[in-house]
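Next come the chains, spelled out residue by residue.
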Amino acid sequence: MENTVVSIPRIGEQAPEFKAVTTQGEINFPADYKGSWVILFSHPADFTPVCTSEFMTFAKMENDFAAYNCKLVGLSVDGLYSHIAWLRNIKEKIDFKGMKGMEVKFPLIEDITMEVAKKYGMIQEGESNTKAVRAVFVIDPKGVIRTVLYYPLSTGRNFDELLRIVVALQTADAFTCATPADWRPGDEVIVPPAGSCGVAKDRVDGKEENVKCYDWYFCTKPVSAQEIDSKIKK
Ligand code: BEZ
């Protein structure tokens, strides 16, 4: 089959709009999620093992995401009745890594026409032309795409990393900073270099309180996990 060009929504763009039927009723995306963060993610197929482990993990962590005002929306190119039967099966039968009776309460979109999956670049023909890859879009309260991740069919996602991304983005917004490699709440954050964005020369002179500079372009300051939570956690 000839490969077609895939359009992929990019970081900084408005999330493409769509209306869809889900296991929790109809949604108008992203309008219904205005004011909340949202993770829109796709999975290849219902009744498959990697996807099952992912849904159980997302269900287990739904409250952890909600604590950061972040909702979850899943999608696959299966139909609604397949979604309902699969989620019921997970709840009633699957006992995996201490997760049992897991109820998926967030909406799962049916996309048999692949209309939404194609809009979001979830059908990547080199991997599969009948299933969505494992895509993740982190979208902010204004409907702007802030993170895009694509995983292959064979690799289950790291859900701690997804939560870490949400917290890191919200920390960057709330404290006007960036976060270094492997950052976790409580680690130092990166502040803009002196002379940029109106940062005073005091930074270079080492006079700015609590700021540590490794060189002129690389400065950090402490922000405690408590400070972060008091500003961004619900
Ligand atoms: C899975 O979720 O296990 C899976 C789905 C599609 C292809 C390969 C694995």
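So, a few notes on the structure that sits alongside this text.

Reading guide: rules and limits
- Residue indices begin from 1 for each chain and proceed along its sequence in written order.
- Only residues with pLDDT of 70 or above have their local features reported here, since the model is predicted, and side-chain atom pairs are shown and tallied only from 80 upward, although totals for entire chains, interfaces and linings are computed over all residues.
- Processing note: side-chain calculations cover all non-hydrogen atoms of the structure and skip hydrogens and water entirely.
- Only DSSP runs of H or I covering at least 4 residues are called helices, and only runs of E covering at least 2 are called strands; the numbering of each starts at the N terminus.
- Summary of the burial criterion: residues with accessible area below 20% of their type's maximum are buried, those above 50% are exposed, and those between are partly exposed, where the area comes from a 1.4 Å probe applied to protein chains only.
- Any two residues whose heavy atoms approach within 4.5 Å at even a single point are treated as in contact.
- Note on areas: Shrake-Rupley, 1.4 Å probe, and residue coverage restricted to the protein chains presented here.
- His is not counted, nor are the chain ends, whereas Lys and Arg count as positive and Asp and Glu as negative.
- Throughout, a charge is located at the NZ atom of Lys, the CZ atom of Arg, the CG atom of Asp or the CD atom of Glu.
- We define a salt bridge as a side-chain nitrogen of Lys or Arg found within 4 Å of a carboxyl oxygen belonging to Asp or Glu.
- Strands are labelled as partners when DSSP assigns at least two bridges between them.
- Note on geometry: axes are C-alpha line fits, over the in-contact stretch for helices, and angles between N-to-C directions span 0 to 180 degrees.
- For the purposes of this section, nonpolar cores are sets of buried Ala, Val, Leu, Ile, Met, Phe, Trp, Tyr and Cys residues that join through side-chain atoms within 4.5 Å.
- What marks off one domain from the next here is an automatic or database domain assignment.

Now for the overall build of the protein. Regarding its fold elements, the protein presents five helices and twelve strands. Across its three principal axes, the protein shows a C-alpha extent of roughly 65 × 45 × 30 Å. Per-residue burial for the protein yields a buried fraction of 44% across its 234 residues. If you take every contact in the protein between residues at least 6 apart in sequence, the share linking residues at least 24 apart comes to 68%. Carbon and sulfur atoms provide 51% of the accessible area of the protein, an area that totals close to 12,400 Å². Charge centroids of the protein, computed over 28 positive and 32 negative side chains, lie 3 Å from each other.

This next bit is on unusual backbone geometry. Between Phe29 and Pro30 the backbone carries a cis peptide bond, its omega angle lying at 0°. For Pro30, the position within the fold is in the loop between strand S2 (25-29) and strand S3 (37-42). Despite not being glycine, Asn69 has its phi angle at roughly 55°, a positive value. Looking at the secondary structure, you find Asn69 in the loop between helix H1 (49-66) and strand S4 (70-76).

Applying the stated criterion to the full structure yields seven salt bridges. Put simply, Arg134 and Glu54 hold a salt bridge, and the shortest N to O gap is 2.9 Å. Here Arg134 is found in strand S8 (residues 134-139), whereas its partner Glu54 is found in helix H1, with 80 residues between them in sequence. Considered together, Arg134 and Glu54 belong to a single accessibility category, that of buried residues. One salt bridge in this structure joins Glu54 and Arg157, with 2.7 Å as the shortest N-O distance. Here Glu54, found in helix H1, pairs with Arg157, found in the loop between strand S9 (145-151) and helix H4 (159-175); they are 103 residues apart in sequence, far enough to count as distant. When salt bridges that share partners are traced, they join Glu54, Arg134 and Arg157 into one network.

A word on the sheet that holds strand S10 (residues 189-191). Strand order in the open sheet formed by three strands is S10-S12-S11, and the pairing between neighbours is antiparallel. Where the open sheet ends on each side, the last strands, each with one partner, are S10 and strand S11 (212-215). Each adjacent strand pair in this sheet contributes to an overall mean axis angle of 35°, direction not counted. With three bridges connecting them, S11 and strand S12 (residues 218-221) associate as antiparallel partners. Its bridge partner being in S12, Lys212 is matched across the sheet by Thr220.

With that settled, consider the environment of Glu26. One can find Glu26 in strand S2. Sequence separation between Glu26 and Ile109 is 83 residues; the distance between their C-alpha atoms is 8.8 Å. Not counting residues up to four positions away in its chain, the partners in contact with Glu26 are Ala20, Val21 and Asp32.

Ile39, Phe55, Phe58, Phe65 and Val138 are the most contacted members of the largest nonpolar core, which totals 39 residues. Secondary structure elements with two or more residues in this core: S3, H1, S4, helix H2 (80-93), S8, H4 and helix H5 (225-232). Top contributing element to this core by residue count: H4, with nine residues. Counting the residues that make up this core, at least three belong to each of domain 1 (18-166) and domain 2 (176-232). Discounting residues that sit within four places of it in the chain, Phe65 has contacts with Ile39, Phe58, Cys70, Leu72, Phe159, Leu162, Leu163 and Val166. One finds Ile27, Val38, Ala132 and Ile139 within the second-largest nonpolar core, a separate group that totals 23 residues.

Just distances and angles here, no functional claims.
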